[in-house]
Amino acid sequence: MRFFLCRIVHGAFLLVGVSILSFAMIELAPGDFFAEMRLNPQLSAETLAGLRQQYGLDQPLPVRYLHWARSVARGEFGFSFAYNTPVAPLLWSRARNTLLLTVPAVLFAWLIAVPIGVGSAARQGKWGDRIASSGITALLAIPELLLALGFLLISLRTGYLPTGGMLSVGFSELGWWEKFKDVTAHLAIPVAVLTLGSLPILVRHVRATMLEVLQSPFINAARAHGISSRRLLFRHVLPAALNPLISLFGFSIAGLLSASLLVEVVVSWPGLGPLLFEAILGRDLYVVIGAILFSTMFLVVGTLVSDLLLFAADPRIRAQ
Amino acid sequence: MKPSQPLLEVRNLNKTYVQRRWFSGKRFQVKALDNVSLTIPQGSTLALVGESGSGKSTLAKCCTMLEEPDSGKIYFEGSNLAVMSQQELRRRRPQLQLIFQDAASAFNPRFSAVEIIAEPLVIQRRGSNGERRKRALELMEQTGLPVEAAGRLASEFSGGQRQRLAIARALTLEPKCLILDEALSGLDLPIQRQIVRLLLELQARVSLTYLFISHDLGLMAQIADKVAVMYQGKIVEEQTPADLFSKPQHAHTQALLAAMPVLGNCTTAGGA
């Protein structure tokens, strides 16, 4: 219990550190949100200076940081120049869309990867394993971007699935079942791309850890007792192979917000991806920092969840 | 118990390990077993000695079909294990148990001591949970393990205790034949003696058959009915201990005997 309190405090410090660092880094980049307005002949230098003052950009860095920290405490996470609203609600509505995309993708990827990895480790070197492994390697070599474009091309030609966005026109007039179907249809392509994109690494990890355990003497011992292959795999090998996989799962959680950024931009999914993309280009300072902080929070939560799972799965850790 | 019909008989067993280098394509062959034949009558003890890498452990693994031999026959109670179906083999396995050399990694690191000892019973679907536990505790007591440590993980035992845990586990299924691959080498002498006494007692009671792999010639001389000497994958000599010590035939046996540490004098061990 103390361990987890420790971890939470640790996480809080990490968040503070990350926020200070991201402030400092962005400070290093030239220009701010109003820099490009200078080119606009209708805006005078005085107006711009006034705007900067209004948003507090003329203050020195520590003052701005403290100001921002106060707004974090209020739950606003700063102010977006481009959208003219507090950052938190803006980020949160986009983050929800991103999670709608990445949570099913991560679940599918794991649900598919574990059986494939276990199966091909159990048949190491045989035909099933070779086919699965070469397929996975091929998939590993294809960039996510290409997969996304390929899927878009196919659906454009066949007209079977919508090719972008999240909702159809006239969404609000649909019944709840039609709404569900509509969102699912829009989800299909990005979820498929993300699942296929993360699948190879997961399958390879599952297979490799399983193979390592399969060679250990205690597996031989169980064989000598006349164990069935199913009980061997699921009672002895998989639990022993679980620890590195749980850590990997923690990283999957940490990546929930950031894994899909590129794909979101390609299929114009209204998630964090496009928002962050524009915010970086437009130097919408607090939106960028807010997004970074959100991702860090997921990292903290992800590692915490994997630690909890390890604790639940491994009696050796519990014993300590 | 008189040695009668052979319980375990190995005929012309061959096993070669091939290693291929990736780029040169060169093949390295290690002939671990070279036409090995052995016979162990029921209720007797055969000791297998030889230097490291002479193929003793490979023979142990092949006898229990944990490694598939390239050719040869393994008769256990008259039926050939090498050509048996997986199902049939799984049914036979409880009667032929192997104790591994490396007791540190031979246990599932997530299992407690009782679970480790009871797992063979679970695998063979024997008894209820309570009965399995009772049997496991019984075995812990017999092998001199502290019963109050039943809930501990294998990693929380000392090396010698782990060795005894391995022996306890192998006895769970009441095998007819036990192959001990250096099972006593990590133990201090009093415990070694205790285990040997247990093994001899079991042999006297239920006519257990042992294939004892070791490099401790002194110990072998005490308990074995016959000693086989292995060298570079071949059995070069098979004798009763007394004959082996008094008139060793093969040069390698003589070398092994000469290397035996003897208390008090530094001459080679001559008499048994």
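Now for a description of the structure that goes with this document.

Procedures and definitions
Residues numbered from 1 in each chain as written. Chains lettered and ligands numbered in written order. Predicted model: local features only at pLDDT ≥ 70, side-chain atom pairs only at ≥ 80, totals over all residues. Helix = DSSP H or I, 4+ residues; strand = E, 2+ residues; numbered from the N terminus. Buried ≥ 20, exposed ≤ 12 C-beta atoms within 10 Å, placed from the backbone. Contact = placed C-beta atoms within 7 Å. Nonpolar A, V, L, I, M, F, W, Y, C, P; charged D, E, K, R; others polar. Pairing = 2+ DSSP bridges. Axes fitted to C-alpha atoms, helices over the stretch in contact; angles between N-to-C directions. Core = buried A, V, L, I, M, F, W, Y, C linked by C-beta atoms within 7 Å. Parallel < 35°, antiparallel > 145°, perpendicular 65-115°, else oblique. Left-handed = near helix turned anticlockwise from the far one by under 90°. Expected span 1.5 Å × (residues − 1).

### Points about the overall build of chain A
Then comes step 1: Looking only at helices and strands, chain A has 13 helices and zero strands in total.
Then comes step 2: Its helices and strands taken in sequence order, chain A reads α-α-α-α-α-α-α-α-α-α-α-α-α from the N to the C terminus.
Then comes step 3: Projected onto its principal axes, the C-alpha coordinates of chain A cover approximately 85 × 55 × 40 Å.
Then comes step 4: Within chain A, buried positions represent 30% of all 320 residues.
Then comes step 5: Sequence-distant contacts in chain A: of pairs separated by 6 or more residues, those separated by 24 or more amount to 72%.

### Things to note about the interface of chain A and chain B
Then comes step 1: Contacts between the two partners involve 19 residues from chain A, matched on the other side by 22 residues from chain B.
Then comes step 2: Breaking the side of chain A that touches chain B down by element, the ones donating at least two residues are helix H8 (217-224), helix H9 (229-254) and helix H13 (315-319) of chain A.
Then comes step 3: The dominant element in the side of chain A that touches chain B, judged by the number of residues it contributes, is H8 of chain A, at seven residues.
Then comes step 4: A class-by-class count of the residues in the side of chain A that touches chain B yields 10 nonpolar, five polar and four charged.

### A few points about the sheet that holds strand S6 (residues 96-99) of chain B
Residues and elements named next belong to chain B.
Then comes step 1: With respect to topology, six strands assemble into an open sheet ordered S6-S7-S8-S3-S9-S10, the strand pairing being mixed. Of all the strands in the sheet, the pair left with one neighbour each is S6 and strand S10 (234-239). Strand-to-strand twist in this sheet, taken as the mean axis angle between neighbours without regard to direction, amounts to 20°.
Then comes step 2: Note that strand S3 (residues 45-49) and strand S8 (residues 209-213) share four bridges and pair parallel. Paired with Ala 47 across the bridge in S8 is Phe 212.

### Some words on unusual backbone geometry
Then comes step 1: Located in the positive-phi region is Arg 283 of chain A, a residue other than glycine, with phi close to 55°.
Then comes step 2: Residue class for Arg 283 of chain A comes out partly exposed when judged on the 19 C-beta atoms lying within 10 Å of it.
Then comes step 3: Although it is not a glycine, Ser 207 of chain B sits at a positive phi angle of roughly 55°.
Then comes step 4: In this fold, Ser 207 of chain B is placed in the loop between helix H6 (189-206) and S8.
Then comes step 5: On the neighbour-count criterion, Ser 207 of chain B (16 C-beta atoms within 10 Å) is partly exposed.

### Side note on the sheet that holds strand S2 (residues 27-41) of chain B
Then comes step 1: Sheet architecture is open: four strands sit in the order S2-S1-S4-S5 (chain B), paired in antiparallel fashion. What marks the edges here is a single partner per strand, and that holds for S2 and strand S5 (79-80) of chain B.

### Some points on the nonpolar core
Then comes step 1: Counting 136 residues, the largest nonpolar core has Leu 48, Ile 99, Leu 211 and Phe 212 of chain B as its most contacted members.
Then comes step 2: Among the elements that line this core, the one with the most residues is helix H4 (residues 87-122) of chain A, at 12 residues.
Then comes step 3: In contact with Phe 212 of chain B, other than residues within four places in its own chain, are Thr 45, Leu 46, Ala 47, Leu 48, Leu 180, Met 220, Ile 223 and Ala 224 of chain B.

### What to know about the packing of H4 of chain A against helix H5 (residues 127-141) of chain A
Axis angle and axis distance: for two packed helices, these are the angle between their axes and the distance between the axes, and together they describe the pair.
Residues and elements named next belong to chain A.
Then comes step 1: The contact between H4 and H5 brings their axes to 8 Å, and the two run at 135°. Compared by their axis directions, H4 and H5 come out oblique. Taken as a pair, H4 and H5 cross one another with a handedness that is left-handed. Each of Ile 116, Gly 119 and Ser 120 in H4 lies in contact with H5, whose residues at this interface are Gly 128, Asp 129, Ala 132 and Ser 133.
Then comes step 2: Grouping the constituent residues of the contact of H4 with H5 by class yields two nonpolar, four polar and one charged.

### Section: helix H2 (residues 45-54) of chain A
Then comes step 1: Within H2 of chain A, only zero of the 10 residues are buried, which leaves the element largely exposed.
Then comes step 2: In the segment just after H2 of chain A, Gly 56 of chain A is the residue with positive phi, at about 80°.

### Side note on helix H1 (residues 2-28) of chain A
Then comes step 1: A rise of 1.5 Å per residue sets the reference length of H1 of chain A, with its 27 residues, at 39 Å; its end C-alpha atoms lie 39 Å apart and thus fit the reference within 8%.
Then comes step 2: Within H1 of chain A, only one of the 27 residues are buried, which leaves it mostly out in the open.

### With respect to the packing of helix H4 (residues 129-142) of chain B against helix H5 (residues 159-172) of chain B
Residues and elements named next belong to chain B.
Then comes step 1: Remark: H4 packs on H5, axes separated minimally by 9 Å, with the N-to-C direction vectors making an angle of 135°. The angle between H4 and H5 places the two elements in the oblique class. H4 and H5 meet at a crossing whose hand is right-handed. Only Ala 168, Leu 171 and Thr 172 of H5 make contact with H4, whose side of the interface consists of Arg 135, Leu 139 and Met 140.
Then comes step 2: Among the residues forming the contact of H4 with H5, the class breakdown is four nonpolar, one polar and one charged.

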